[in-house]
Amino acid sequence: MDITFKNVEHRYQARTPFEKLALYDVNLSVKKESYVSIIGHTGSGKSTILQHLNGLLKPTEGSIQIGDHVIEAGKKQKNLKEVRRLVGIVFQFPEHQLFEETVEKDIAFGPMNFGVNETDAYERARKSLQLVGLPESILQKSPFDLSGGQMRRVAIAGVLAMGPEVLVLDEPTAGLDPKGRKEMMDLFYRLKEERNLTIILVTHSMEDAAKYADEMIVMHKGTIAMRGTPREIFSQGEKLTSYGLDLPETVKFQQKLKDKGLAFEEIPLTLDEA
Ligand code: ADP
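Residues numbered from 1 in each chain as written. Predicted model: local features only at pLDDT ≥ 70, side-chain atom pairs only at ≥ 80, totals over all residues.

The protein chain has the name Energy-coupling factor transporter ATP-binding protein EcfA2 in an unreviewed UniProt entry, where Metabacillus halosaccharovorans is given as its organism. The Sequence similarities (unreviewed entry) field of the UniProt record for the protein chain holds the comment "Belongs to the ABC transporter superfamily. Energy-coupling factor EcfA family." Quoted verbatim from the Subcellular location (unreviewed entry) field of UniProt, the annotation for the protein chain is "Cell membrane". (UniProt positions renumbered as here; feature names shortened; annotations may be inferred.)

Focus on the UniProt feature "domain: ABC transporter" (unreviewed entry) in the protein chain
If you check UniProt for "domain: ABC transporter" (unreviewed entry), the listed places come out as residues 3-246 in our numbering. Counted over residues 3-246, helix gives 36% and strand 26%. Its end C-alpha atoms are 28 Å apart. (Helix = DSSP H or I, 4+ residues; strand = E, 2+ residues; numbered from the N terminus.)

Some details on the site of the ligand
Neighbouring residues of the ligand: Tyr12, Gln13, Lys20, Ala22, Gly40, Thr42, Gly43, Ser44, Gly45, Lys46, Ser47 and Thr48. Counting residues per element, the shell around the ligand draws most heavily on helix α1 (residues 46-52), at three residues. (Near = placed C-beta within 6 Å.)

Let's talk about the environment of valine 103
Structurally, valine 103 can be placed in helix α3 (residues 103-113). We classify valine 103 as buried; it has 29 C-beta atoms within 10 Å. If near-sequence neighbours (up to four positions away) are discounted, valine 103 is found in contact with Ile138, Leu139, Lys141, Pro143 and Val154. (Buried ≥ 20, exposed ≤ 12 C-beta atoms within 10 Å, placed from the backbone. Contact = placed C-beta atoms within 7 Å.)

With respect to the sheet that holds strand β10 (residues 223-228)
Reading across from one edge, β6-β7-β8-β3-β9-β10 is the order of the six strands in this open sheet, with mixed pairing throughout. In this open sheet, the two strands that pair with only one neighbour each are β6 (87-90) and β10. Pairwise comparison of adjacent strand axes, ignoring direction, gives a mean angle of 20° for this sheet. With four bridges joining them, β6 and strand β7 (residues 166-170) adopt parallel strand pairing. Following the sheet pairing, valine 87 is matched in β7 by valine 166. Packed on one face of the sheet, helix α5 (residues 148-160) meets β6 and β7 and runs near 165° to β6. (Pairing = 2+ DSSP bridges. Axes fitted to C-alpha atoms, helices over the stretch in contact; angles between N-to-C directions.)

Examining the sheet that holds strand β4 (residues 61-66)
Reading across from one edge, β2-β1-β4-β5 is the order of the four strands in this open sheet, with antiparallel pairing throughout. Edge strands, defined here as strands with exactly one partner in the open sheet, are β2 (20-30) and β5 (69-72). Direction aside, the axes of adjacent strands within the sheet are offset by 20° on average. When β4 meets β5, the two strands line up antiparallel, connected through four bridges. Within β5, the position partnered with isoleucine 66 by the bridge is histidine 69.

Some thoughts on the nonpolar core
Formed by 63 residues in total, the largest nonpolar core has its most connected members in Val168 and Ile200. Of the residues forming this core, the biggest block, seven residues, is contributed by α5. (Core = buried A, V, L, I, M, F, W, Y, C linked by C-beta atoms within 7 Å.)

Written as structure tokens, this is what we have:
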């Protein structure tokens, strides 16, 4: 399922004295099964774009095509429920949204709400838990007895249980230690590979943005300022700085090596590649 934004504009509180143009001229296509990361300074429009990806916000101009579904400015939206199933959004600190007595019930909640029967929803809970790398033995535990990292995985399992084709992740490594961060990033890559998911990662971490992405999109003041492979983006350090962003420490280090005579292309982009 491809996603295409055509000339998308979003004004908050349009036609009021508080009107705010948050997005303009956004043209974007995300191909099926690709891994795209969106970076940008605070206020550049990342969260506004994210909320357009499953119809939480509607464009005030332009259109968004999500598979066979079109969300268009000024038109009434049909099948929003199906769009929300196809595009699963994992919001920041998703563990704050856990609420059921058991892990199993929490993960099964979404599918049951969507009309899946209890037996199938519990089966989905079991499979989704497996997908996020947690043991079945915690299904009957309270989510509140788990560690922070496990709670986050349970919340992600809840999104996966809906059977999305696209997984949108908003700062998914916020608050994790380096080990947890690496495991979380590896999990998303594995999901993309094994479940043929499209991944859209919204982050302010240059390291995370670069790690597995086929393509990086740099937002600046409400529109797309740069797009390309991480290597293409990082080769334009000055431009990034002008958008209030900084090269990852690893790349700065690599550039120092380059100054000493090593070619940029030969140097790994992240510490893991090294
Ligand atoms: P980011 O996620 O990159 O930090 P946002 O998408 O949250 O950026 O914000 C883009 C712009 O829209 C900012 O100028 C922000 O102040 C403004 N904005 C965000 N939400 C609202 C809102 N509910 N009402 C008015 N303006 C908003």
